[in-house]
Amino acid sequence: MESQEAPGLVARRLAVQALERVEREGAYLSLALRALLVRRRASPAQAAAATALATGVMRWMSRLDYALGRVSRRPRTSVDPTLWQILRVAAYEIGFSRDTPAPVAVDLAVRQARTLGQGPAAFANAVLRALVREAAGGGLPAPTDGPLDARLAVTHSHPRWLVRRWLDRFGTGTTEAILQANNEPLPLSVRVNPLRATPERLQEAWRARGVRAHPTTLVPGGLWLEGVPGAVESLPGFEEGWFTPQSEAAMLVGHVAGARAGEQAVDLCAAPGGKTTHLAESSGDQARIVAIDTHPARLGLVRRNARRLGLRSIRTLLADATRVPLEPGRFDLVLLDAPCTALGTLARHPDVRWRRRPEDIETMARLQRELLEEAVELLRPGGRLVYSVCSFEPEESVDHARRLSSDTRLEMVPIRLPQGLAGLEDPELETETAVGLTLLPHRCRTDGFFVVRFDRSRAR
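If you're wondering where the values come from, they're calculated on a predicted model, not measured in any experiment.

Novice: It is not clear to me how the overall build of the protein should be interpreted in this structure. Could you clarify?
Specialist: The secondary structure content of the protein amounts to 18 helices and 12 strands. Against the 2.2 N^0.38 benchmark of 23 Å for 460 residues, the protein shows a C-alpha radius of gyration of 24 Å, consistent with a compact globule. A principal-axis box enclosing the C-alpha atoms of the protein has dimensions of 75 × 50 × 35 Å. The buried share of the protein, taken over its 460 residues, is 55%. A sequence separation of at least 24 residues applies to 72% of the contacts in the protein between residues at least 6 apart. Surface summary for the protein: the accessible area is close to 20400 Å², and the carbon and sulfur share equals 51%. Distance from the positive charge centre (62 side chains) to the negative charge centre (53 side chains) of the protein: 5 Å.

Below is the structure:
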C-alpha cells in the first residue's frame, strides 16, 4: 500500500518496473504495464499515473538521456539500471509534465533511490537538482550543433536512422512536423456499432460521466473522446456492444472496404477483430465473412469481440495467410490489413520507435508481397481488394500498390480516392499517391496509415 508519507510513489515504482521490463526483456510497454497493474491491484488513479509516466519516458527517452548525461558526472553505463529508470521518470516530470512540481519530482525520485542505498539516493538528488537548474531556462537541454539528423533525433527523441530516412524523403519542414506529431498523445476514438446504437445515444450516455464526445472528421460513425476517467472499456455501452475502441485511421480501412449484404468476404490478418467486425457492421451483419489468423488466442479475441457486438456473420479460420485453405477466385471482398513495422503508430505506441531497425522495413515488405499474392488469388472477377498498413514507408505501401496496378496479368484497377474522401489528398505526397491514400500523422491527427482499394476486372 502507498504510505501517507510518500504520496505518488506507487505509480512511480510501477512506471520504473515497466520500463525495466521493456529495456531488460524486450517487453512491449503496454503489455508490461497491464501485467504489473493487474498484479499490484493498482487503483485507477495509480494506473493512470503510472501509464502516463512510463509512456512519457518512452516517448522522450533519448532527450531525457541527453539531458541527464549533461548533468551527471558518471556515464550511464556505470549507473545502476533501476536508478537510471528512476532518473528518467523524474527528468520526464521536470521537463514535460505539468502535473508535478519539479521539487516534488526530485523528492519522490530520491525516496525511490533510497531503496537502493544512501549512495544512489545522494547521486539522484545531486543529478536531479542540477537538471532542475538546467531546465529553468526553458525546458530540458537539447543539442544545438552537429549534423541535422543527429540534432533532430535527440531533440524530438526518435532513432537517428529514421530521422535521416524522413529527411531524405520529405525534407526538413515535413520531417519536423511528423516528429512533433509523434510526440503528442492522440485522443481516444471509438467506432459506433450502428446495429445497436447511434453516436447521439452514446454522447448522451457518457455526458453524465463527464466524457465529451465529438464526431470523427475523416469517416462517419466514429467519436473522439475527451475526459475519459479510466479505461474506455469501462464506459457505458461497451459490454452492451454499442462501440469498439479504434483509431480513426483504422476506421478508414473498413469504410473504404464497405462490405455489403450477401457478399463473401475474407479478412486475411483479422485479429483482434476491429476491422473484421467493421465489415460485419457495414453489411448489416448480412455478409459471410471469414476471419483468418495464425494465433489461436488472437482468433479467440475476434470471436469475443463479435459476440459482444452481437455479430453472427463472422466465422474464424486458423491458417497461415500466405497459404489459405480456401477456394481461389471465390471472394467478393478481400481485406489485407498486413503485418508491418507500425512506424505510423509512434504517437500511440512510443516504444515501437526504439524497437525497429532499418532492415525491418524490407523484411516486412517481403511478407506483405507474399500476402498480397494470396489475396489476389482469392479474389473473384469483379471483386475488390483493400490493402492497408499502419506505416507510410513506401516499401510497405505505395511500392506494393504500384506493382499490383502495373501488372497487367492481374487486371487490378486501382481506385485512387474513395468517394467522399477527396479532402484527404496531400500535396506533399501527390506524386507518391497516384494509387492509394497515405495519412501522415501531422496532417490528420491520427496514426500514419496507408490504404488502397483495387477492383478486379470482370473480364478474365
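On we go.
Novice: What am I meant to see in the confidence of the model for the protein here?
Specialist: The predicted structure's coordinates, where accompanied by low pLDDT, should not be read in detail. Here the protein averages 92 in pLDDT, while 94% of its residues score no lower than 70. Below a pLDDT of 50 lies the segment residues 1–5, which in the model reaches 7 contacts outside its immediate sequence neighbourhood of four places, other chains included.

Novice: Help me out: how do you make sense of the packing of aromatic side chains in this one?
Specialist: The geometry of an aromatic ring pair comes down to the distance between the two centres and the angle between the two planes. Enumeration according to the criterion identifies 7 aromatic pairs in this entry. When the centroid spacing of 5.3 Å and the interplanar angle of 90 degrees are considered together, the rings of Trp206 and Phe243 count as edge-to-face. Taken together, the residues Trp206 in helix α11 (residues 199–207) and Phe243 in strand β4 (residues 243–245) connect sequence positions 37 residues apart. A relative accessible area of 0% means that Trp206 is categorised as buried. Judged by its relative accessible area of 0%, Phe243 falls in the buried class. Taken together through their ring pairs, the aromatic side chains of Trp60, Tyr92 and Phe96 make up a single cluster. Lying across the ring of Tyr28, Arg355 places its NZ or CZ 3.9 Å from the centre.

Novice: For this particular structure, what's the right way to read the packing of helix α6 (residues 102–114) against helix α7 (residues 118–135)?
Specialist: Two packed helices can be described by the angle between their axes and the distance between those axes. Interhelical geometry of α6 versus α7 gives an angle of 160 degrees and a closest axis separation of 8 Å. On the basis of their axis angle, the class for α6 and α7 is roughly antiparallel. Here the hand of the crossing between α6 and α7 comes out right-handed. Between α6 and α7, the contacting residues are Ala102, Val106, Ala109, Val110, Ala113 and Arg114 on the first element and Gln118, Pro120, Ala121, Ala124, Asn125, Leu128, Arg129 and Val132 on the second. Of the residues assigned to the contact of α6 with α7, the class counts are 10 nonpolar, 2 polar and 2 charged.

Novice: Help me understand helix α13 (residues 274–282) in this model?
Specialist: Of all 9 residues that make up α13, 8 are buried, and the element is covered over most of its length. Burial in α13 covers these residues: Gly274, Lys275, Thr276, Thr277, His278, Leu279, Ala280 and Glu281. A positive backbone phi angle near 70 degrees is found at Gly284, which sits one or two residues after α13.

Novice: Teacher, can you tell me more about the pattern of salt bridges here?
Specialist: Pairs may arise between side chains of opposite charge once their charged atoms sit close together. Scanning the entire structure with this criterion turns up 26 salt bridges. The residue Arg111 makes a salt bridge to Asp107 at a minimum N-O spacing of 2.9 Å. A residue pair is termed a helical-turn pair when its members lie 3 or 4 positions apart in one helix, as Arg111 and Asp107 do in helix α6 at 4 residues. According to the relative accessible area criterion, Arg111 is partly exposed, its value standing at 29%. A salt bridge links Glu395 to Arg165; the nearest nitrogen and oxygen atoms lie 2.4 Å apart. Taken together, the residues span a long stretch of sequence, with Glu395 in the loop between β9 (379–389) and α17 (398–406) and Arg165 in helix α9 (residues 160–170) at a distance of 230 residues. The class of Glu395 is partly exposed, set by a relative accessible area of 24%.

Scoring rules and cut-offs
- Residues numbered from 1 in each chain as written.
- Predicted model: local features only at pLDDT ≥ 70, side-chain atom pairs only at ≥ 80, totals over all residues.
- Heavy atoms only, no water.
- Helix = DSSP H or I, 4+ residues; strand = E, 2+ residues; numbered from the N terminus.
- Rg over C-alpha atoms; globule rule 2.2 N^0.38 Å.
- Buried < 20%, exposed > 50% of the residue type's maximum accessible area, 1.4 Å probe, protein only.
- Contact = heavy atoms within 4.5 Å.
- Areas by Shrake-Rupley, 256 points an atom, 1.4 Å probe, with all protein chains shown as cover.
- Lys, Arg positive; Asp, Glu negative; His and termini not counted.
- Charge placed at Lys NZ, Arg CZ, Asp CG, Glu CD.
- pLDDT = per-residue confidence, 0-100.
- Phe/Tyr/Trp six-rings, centres within 6.5 Å; stacked < 30°, edge-to-face > 60°.
- Lys NZ or Arg CZ within 6 Å of the ring centre and 35° of its normal.
- Axes fitted to C-alpha atoms, helices over the stretch in contact; angles between N-to-C directions.
- Parallel < 35°, antiparallel > 145°, perpendicular 65-115°, else oblique.
- Left-handed = near helix turned anticlockwise from the far one by under 90°.
- Nonpolar A, V, L, I, M, F, W, Y, C, P; charged D, E, K, R; others polar.
- Salt bridge = Lys/Arg side-chain N within 4 Å of Asp/Glu carboxyl O.

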